[in-house]
Amino acid sequence: QVQLVESGGGLVQAGGSLRLSCTASGSTSSINAMGWYRQAPGEQRELVAGTNNSGHTNYEDSVKGRFTISRDNAKNTVYLQMNSLKPEDTAVYYCHAWIVVDRYLEVWGQGTLVTVSS
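Reading the values: the criteria
- Residues numbered from 1 in each chain as written.
- Predicted model: local features only at pLDDT ≥ 70, side-chain atom pairs only at ≥ 80, totals over all residues.
- Heavy atoms only, no water.
- Salt bridge = Lys/Arg side-chain N within 4 Å of Asp/Glu carboxyl O.
- Helix = DSSP H or I, 4+ residues; strand = E, 2+ residues; numbered from the N terminus.
- Buried < 20%, exposed > 50% of the residue type's maximum accessible area, 1.4 Å probe, protein only.
- Phe/Tyr/Trp six-rings, centres within 6.5 Å; stacked < 30°, edge-to-face > 60°.
- Lys NZ or Arg CZ within 6 Å of the ring centre and 35° of its normal.

Here we take up the pattern of salt bridges. Scanning the model with the defined rule gives six salt bridges in all. Its salt-bridge partner being Glu60, residue Arg38 comes within 3.9 Å of it at the nearest N-O pair. Residue Arg38 is found in strand 4 (residues 31-39), and its partner Glu60 is found in the loop between strand 6 (57-59) and strand 7 (67-72); the two are separated by 22 residues along the sequence. Classification of Arg38 by relative accessible area gives buried; the value is 6%. The residue Asp102 makes a salt bridge to Arg103 at a minimum N-O spacing of 3.0 Å. Here the residues in one salt-bridge network are Arg38, Glu46, Glu60, Arg66 and Asp89, joined through shared partners.

This is how it looks when you write it as structure tokens:
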């Protein structure tokens, strides 16, 4: 199996930056894609950014041009660089991975809180 551990959340003022990290351990060769989701209070969890083994990336519209997802395969780590943060970016951010065993399975990290003050 695969385990995901996030770090890097915290409190930042609007306009500031944070970088989230997510390190995978276990059967990392089974990872097909990784990404970041977020969930604000009272809202549904939404995809923020994702990247697959081909290097393709995708972003939620509201973060395009502000957030960048990157992956260091040697460290089994995916990053989310968040710039020009806005109060509406406040949420718990979850690392996510699709792994392929005999079928596709989802793996989630424990979440890290990002709070953007105005």
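From this point, things continue past the structure.
Moving on, we come to the packing of aromatic side chains. In total, this model carries three aromatic pairs according to the counting rule given. A centroid spacing of 4.9 Å and a plane angle of 65 degrees characterise the contact between Tyr37 and Trp108, whose relative ring orientation is edge-to-face. Here Tyr37, found in strand 4, pairs with Trp108, found in strand 10 (residues 104-108); they are 71 residues apart in sequence, far enough to count as distant. For Trp108, a relative accessible area of 33% gives the class partly exposed. Ring centres of Tyr94 and Trp108 lie 6.4 Å apart, and the angle between their planes is 90 degrees; this geometry places the pair in the edge-to-face category. Within this pair, whereas Tyr94 is found in strand 9 (residues 91-100), its partner Trp108 is found in strand 10, the two being separated by 14 residues in sequence. Among the aromatic side chains, those forming a connected cluster through ring pairs are Tyr37, Tyr94 and Trp108. When the ring centre of Tyr94 is taken as origin, the NZ or CZ atom of Arg45, which lies over that ring, is 3.7 Å away. Lying over the aromatic face of Trp108, Arg45 brings its terminal NZ or CZ to 4.6 Å of the ring centre.

By themselves, these are just geometric observations and shouldn't be taken as functional.
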